[in-house]
Amino acid sequence: MNHQNMATGTNTETAPPSPADRKGGLARYVVAAALARTADGGAVVAVVLLVSSSGGSGTLAGVLGACVTAPHLLGPFVARPLDLARDGRKVIATACLLYSTALTTGVLTYARVPALMTALLLAVAGTCGPLLTGGISSRLPAIVGSRLRTQRRAQGWDVATYGIGGTAGPSLVAALVGWASPTAAALALAAAASAAATCVLLLPRTAPHHGDGRSTTLKPGRTLVLMARTGPLRRTTYLTTTVALSVAALPVTAVHMTTIIGVETGNAAVLTAAYGLGNLLGSVTVMVSPLTGDPDRLMRRLALCVVVGLGTVVMSHSFTFSVSAFTLTGTLNALFFAATLAARTEYAPVGVQGQVFIWVAALKITAGSAGTALAGSLTGLDVRLPLLLGIVGTTAAVLVATFEKRADGRFANTR
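Here the residue index of a chain counts from 1 through its sequence in written order. In keeping with the model being predicted, local features are shown solely for residues with a pLDDT of at least 70 and side-chain atom pairs are shown and tallied solely at 80 or more, while totals for entire chains, interfaces and linings include all residues. Calculation of side-chain values draws on the structure's entire complement of heavy atoms; hydrogens and water are dropped beforehand.

Q: Looking at this structure, how should I read the nonpolar core?
A: The nonpolar side chains of a soluble globular protein tend to be buried, and buried together. Tyr29, Leu64, Tyr99, Leu103 and Leu122 are the most contacted members of the largest nonpolar core, which totals 54 residues. The set of elements that each furnish at least two residues to this core consists of helix H2 (19–53), helix H3 (58–69), helix H4 (75–84), helix H5 (88–108), helix H6 (115–132), helix H8 (140–144), helix H9 (148–179) and helix H10 (182–201). Here the element with the most residues in this core is H2; it accounts for 12 residues. Contact definition: two residues touch when any of their heavy atoms are within 4.5 Å. Ignoring anything within four residues of it in the chain, the contact list for Leu122 reads Val47, Leu64, Cys67, Val68 and Leu103. Leu291, Leu310, Leu341 and Val383 belong to the second largest nonpolar core, which has 52 residues in total. Among buried residues, those of type Ala, Val, Leu, Ile, Met, Phe, Trp, Tyr and Cys that are joined through side-chain atoms within 4.5 Å constitute a nonpolar core. Classification of residues uses two cut-offs on accessible area relative to the type maximum, computed with a 1.4 Å probe and protein chains only: under 20% is buried, over 50% is exposed, and between them is partly exposed. Numbering of helices and strands runs from the N terminus, with a helix taken as a DSSP run of H or I at least four residues long and a strand as a DSSP run of E at least two residues long.

See the structure below:
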């Protein structure tokens, strides 16, 4: 066991998987995670297009879309059963099936039942969403084993599945809307979630998160307090949310930057795609050459690297330079994301691994939504203002984290 796990009591070495399980388990994990995150990543787009194509108002489209995303904040409260379960696969598979059923029912009954009923059905799907993202990630350490380098490489695959889901989901919706209809697109996403349920059940069975007893499994509120009081987890949380808030401005900024660099507005899609490609390159980098060292230190250094990436976007003066800058930022953000996954894995105490993963994921999604909204309101003043604020905010967060870490070290030395 590495020194981080010894210090925090994480339970990554219980029920070690066999070599055959590790080899096949990771492959099945990647398929399951990619399917689940494709469904979760494309659902909002499908719902918004469904409403708009049927003559619904923009307000209704926004509200129903929010019904899919907003319940992610409830993730920590639905994560506790994952930590309590003897077989977490069944909890995640059930969530995938419930997500699929609620999305299917909500889409097929849209405009045939009151909008409130549709909203409730989509909210049910949204409540399951955290288990399709952070919940599945919490299973990975036990699947691949306790060897640090193996875990870090596997986290590169995990980052890739997030990128695949965030890209393939909306792309699948766009393709099926043009070929068939928004309803067909939503049903395809529901089918992906159902397929993910089957794949999750095929994952190797691992030891429960609560170890030898359930008394160590905290309630969500107490878990959040624990995270706030534990230095490494606290730094993981606020560095993750700050970076998410900062990079969320990039899609909005891309649209407005096309005017500055003198290209057609449609080229904003190229810039956004370049950022997605960068994320994929970053995940491949971690697969080939896993991150090494203390996750706490890695997060701070890689957060500063993201700041550098955002700075190159701010300085962009041509289309080619902008594409390169967006790609670089995506790559660096993927590396940072891998470091946060390592931190969650190695610093989460026994009995609350699932809740820690999902708490951080829920706060990250909330920060990303806030970042997008903030960018939309600030670009009217100056296109680069949201990025500049992101640079300042992330730099400040790194400085605070560095000061905290040094203070913790001095306190430990005086004990």
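Structure's up, so let's keep going.
Q: How should I be thinking about the packing of helix H12 (residues 231–247) against helix H17 (residues 353–378) in this particular structure?
A: The relative placement of two packed helices is expressed as an angle between their axes plus a distance between the axes. Viewed as axis vectors pointing N to C, H12 and H17 meet at an angle of 25°, and their least axial separation amounts to 7 Å. Taken as axis vectors, H12 and H17 run roughly parallel relative to one another. Considering the relative orientation of H12 and H17, their crossing is right-handed. Contacts between H12 and H17 involve Leu233, Thr237, Thr240, Thr241, Ala244 and Leu245 from the first element and Val356, Val360, Leu363, Lys364, Ala367, Gly368, Ala370 and Gly371 from the second. Across the contact of H12 with H17, the residue classes tally to eight nonpolar, five polar and one charged. As a rule, the C-alpha atoms of each element are fitted with a line to give its axis, helices using only the stretch in contact, and angles between N-to-C directions run from 0 to 180 degrees. Roughly parallel covers angles under 35 degrees, roughly antiparallel covers those over 145, roughly perpendicular covers 65 to 115, and oblique covers all other angles. Left-handed describes a crossing whose near helix is turned anticlockwise from the far helix by less than a right angle; the clockwise case is right-handed. Under the grouping applied here, Gly and all other residues not named as nonpolar or charged are polar, the nonpolar ones being Ala, Val, Leu, Ile, Met, Phe, Trp, Tyr, Cys and Pro and the charged ones Asp, Glu, Lys and Arg.

Q: Before we go on, may I ask you to explain the packing of aromatic side chains in this structure?
A: Two descriptors summarise a pair of aromatic rings, namely the distance from one centre to the other and the angle between the planes of the rings. Stacked, tilted and edge-to-face pairs are distinguished by plane angle, under 30 degrees for stacked and over 60 for edge-to-face with tilted covering the rest, among Phe, Tyr and Trp rings (Trp via its six-membered ring) whose centres lie within 6.5 Å. Taken as a whole and judged by the stated rule, the model has two aromatic pairs. Where Phe77 meets Trp359, the ring centres are 6.1 Å apart and the plane angle is 65°; that geometry is what we call edge-to-face. On the criterion of sequence distance, the pair formed by Phe77 in helix H4 and Trp359 in helix H17 is long-range, its members being 282 residues apart. When its relative accessible area of 51% is taken as the criterion, Phe77 is described as exposed. Ring centres of Tyr162 and Phe337 lie 5.0 Å apart, and the angle between their planes is 70°; this geometry places the pair in the edge-to-face category. Of this pair, Tyr162 sits in helix H9 while Phe337 is found in helix H16 (residues 319–347), placing the two residues 175 residues apart along the sequence. For Tyr162, a relative accessible area of 21% puts it in the partly exposed group. Exposure remark for Phe337: the relative accessible area of 9% places this residue in the buried category. Both a distance and an angle decide whether a charge sits over a ring: NZ of Lys or CZ of Arg must be within 6 Å of the ring centre and within 35 degrees of the ring normal. The positively charged end of Arg37 is found above the aromatic ring belonging to Tyr162, 3.8 Å away from the centroid. If you follow Lys364 out to its NZ or CZ, it ends over the ring of Phe337, 3.6 Å from the centre.

Q: Got a minute to help me understand the packing of H9 against H10 in this structure?
A: Where H9 meets H10, the closest approach of the two axes is 8 Å, and the angle between their N-to-C directions is 145°. Once H9 is placed against H10, the crossing between them reads as right-handed. Residues Gly169, Leu172, Val173, Leu176 and Val177 of H9 lie in contact with H10, whose contacting residues are Pro182, Ala184, Ala185, Ala188 and Leu189.

Q: Would you take a moment to explain the environment of Thr394 for this structure?
A: Residue placement: Thr394 occurs in helix H18 (residues 385–414). A relative accessible area of 1% places Thr394 in the buried class. On a C-alpha basis, the gap between Thr394 and Val306 in space is 8.6 Å, while along the polypeptide they are 88 residues apart. If near-sequence neighbours (up to four positions away) are discounted, Thr394 is found in contact with Thr242, Val243, Ser246, Ala303 and Val307. In this structure the side chain of Thr394 is engaged in a polar contact, spanning 2.9 Å, whose partner is the side chain of Ser246. Polar contacts here mean pairs of N or O atoms no more than 3.5 Å apart (in protein, one a potential hydrogen donor and the other a potential acceptor; neighbouring residues in sequence count only if both atoms are side-chain atoms).

Q: Can you help me understand helix H11 (residues 220–229) in this one?
A: For the α-helix, the turn length of 3.6 residues means that residues three or four positions removed from each other point alike. For H11, the set of buried residues is Pro220, Thr223 and Met227. For H11, the arc enclosing every buried residue in end-on projection is 55°, short of the 170-degree limit, so these residues lie on one face. Turned more than 90 degrees off the buried face of H11, the exposed positions are Arg222 and Arg229. Close packing links the buried residues of H11 with H4, H12 and H17. Picture the helix axis, draw a direction to every C-beta atom, and the arc is the one those directions span.

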